[in-house]
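Fold and contact review
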Amino acid sequence: MREDYCLGIESSADDFGVGIISFNGEVLANVNDVYIPERGGIHPREASRHHAMIASKVISEAFRRAGIKPKEIEVVAFSQGPGLGPCLRVGATVARALSSYLNKPLVGVNHCLAHIEIGKMVSKAIDPVTLYVSGGNTIVAAFEAKRYRVFGETLDIAIGNCLDVFAREAGLKPLSNKPLGAMVEELASRGKVFVRLPYTVKGMDMSFSGLLTAAVNIMREGKYSLEDLCFSLQEVAFSMLTEVTERALAHTEKPEVLLTGGVAANKRLQTMLKIMSDEHGARFCVVPREYATDNGAMIAWTGVLCYKFGMTIPIERSFVKMRWRLDEVEVPWVRTQNM
Ligand code: AMP
Ligand code: MG
């Protein structure tokens, strides 16, 4: 029997990813190429240049690994937002070109929604409270009344960004196989002294910029080792994340906690959330790294779900939405335990 496939393109920040997935959720290919800045953080124009340069190579590689031909694709999906404008536009342009060339429908996928849906698919979670922590986002969300509601979020910078900037200030340089957050984690595992740092939870929202500034200032004083500072930074930041997730869990009484995004790779964060989930009798699910960081498979999978519910868009309305919030999207396919 002939299967239907969706091709999904992710390009909202530093990653350019292409995923090909069958309509029943089998990932045939998930190819990624990350832009690593020579120095400093992600420069949107430089990152978009990287994406434009490697796009065709990544797409060919995805088809090669999937072992299918372009004309076998039934629907083309792309990350429509939120994200960096120039980066999003590269993915959108490629998706529009493919969609019109193949004469197949186009789906614009909300990037945050895709993180939740692929997480649910790979971990078999049904109705979780999700903590989505990455370089650009920090969101606690759960499904209620047709949408994923944002229960808590960062008021300023994302947790991944906080760890990355701290690491850069300490003189660390990211490698293709070791992001800055992973370097902080390694140093933190050797930390012994807890250094007091500002803990900022306001209602259900968090702030990491004061924490970052304080940690950098103390580092410059040179009184504590980098190991102790990384340890303390992690303890404070991850406690804030756990507190807000716990409150969302207690309020919603959901059966699962789902941890996703690039920072989900962190073992200390996983441990804190697991202990908290166990105390509430909720199943703790962590998304494997391949699907936790930005990737094309998550866009392809959410593209399948959207397509099945008629959520396609004409090319002339497919402009990117840099500030597209998760809770703006109606999600017709979700069934919760209470429904
Ligand atoms: P994403 O934005 O989803 O592509 O994820 C990238 C972010 O995840 C960056 O801020 C990384 O530093 C961070 N990250 C990756 N691995 C780890 C880790 N083991 N611990 C903490 N942060 C991490
Ligand atoms: Mg990324």
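Our subject is the structure listed above.
Now for a description of the structure that goes with this document. Nothing here was measured: the structure is a model prediction, and the numbers come from that model. (Residues numbered from 1 in each chain as written. Chains lettered and ligands numbered in written order. Predicted model: local features only at pLDDT ≥ 70, side-chain atom pairs only at ≥ 80, totals over all residues. Heavy atoms only, no water.)

1. Focus: the layout of surface pockets
- Approximately 200 Å³ is the volume found for the second largest pocket.
- Every residue lining the second largest pocket is counted, 14 residues in all, and those nearest its centre are Q80, G108, I313, K321 and W324.
- Ranked by the residues each element gives to the lining of the second largest pocket, the list is headed by strand β5 (residues 106–110), at three residues.
- In terms of residue class, the lining of the second largest pocket is built from eight nonpolar, four polar and two charged. (1 Å grid on protein atoms, 1.4 Å probe; cavity = no way out; pocket = protein on both sides within 12 Å on 5 of 7 lines; lining within 4 Å. Points joined across faces, edges and corners; volume = space filled by probe spheres on them. Helix = DSSP H or I, 4+ residues; strand = E, 2+ residues; numbered from the N terminus. Nonpolar A, V, L, I, M, F, W, Y, C, P; charged D, E, K, R; others polar.)

2. Overview of the pattern of salt bridges
- Taken as a whole, this structure holds 16 salt bridges when the rule is applied.
- Close ionic contact of E186 with K178 constitutes a salt bridge, the shortest N to O distance being 2.6 Å.
- We classify E186 as partly exposed; its relative accessible area is 39%.
- Among the ionic pairs, R190 bridges to E227, the shortest N-O distance being 3.8 Å. Placement of R190 in the loop between α5 (180–188) and β9 (201–202) and of E227 in helix α7 (residues 226–252) is noted, with a sequence separation of 37 residues between them.
- The exposure class of R190 is partly exposed, given its relative accessible area of 44%.
- Of the residues examined, E227 reaches a relative accessible area of 23% and is grouped as partly exposed. (Salt bridge = Lys/Arg side-chain N within 4 Å of Asp/Glu carboxyl O. Buried < 20%, exposed > 50% of the residue type's maximum accessible area, 1.4 Å probe, protein only.)

3. A closer look at the coordination of the magnesium ion (ligand 2)
- Note on the magnesium ion (ligand 2): its protein donors are D14 (OD) and D15 (OD). The metal-donor distances range over 2.1 to 2.3 Å.
- D15 gets classed as buried once you look at its relative accessible area, which sits at 10%. (Donors = N, O, S within 2.8 Å, 3.2 Å for Na, K, Ca; no water.)

4. A short note on the site of ligand 1
- By nearness alone, 16 residues border ligand 1, and G135, D164, G181, E185 and G262 come closest of all.
- G160 has a polar backbone atom sitting 3.3 Å from an oxygen atom of ligand 1.
- Here N266 contributes a side-chain N or O atom positioned 3.1 Å from a nitrogen atom of ligand 1.
- For ligand 1, whose unbound accessible area comes to 510 Å², protein coverage reaches 92%.
- Of all elements in the fold, only α4 (159–169) and α5 reach the threshold of two or more residues within the shell around ligand 1.
- Residue composition of the shell around ligand 1, by class: five nonpolar, seven polar and four charged.
- Taken together, domain 1 (5–115 + 292–328) and domain 2 (126–289) each give at least three residues to the shell around ligand 1, which thus spans both. (Near = heavy atom within 4 Å. Polar contact = N/O pair within 3.5 Å; in protein donor to acceptor, adjacent residues only side chain to side chain. Areas by Shrake-Rupley, 256 points an atom, 1.4 Å probe, with all protein chains shown as cover. Domains from an automatic or database assignment.)

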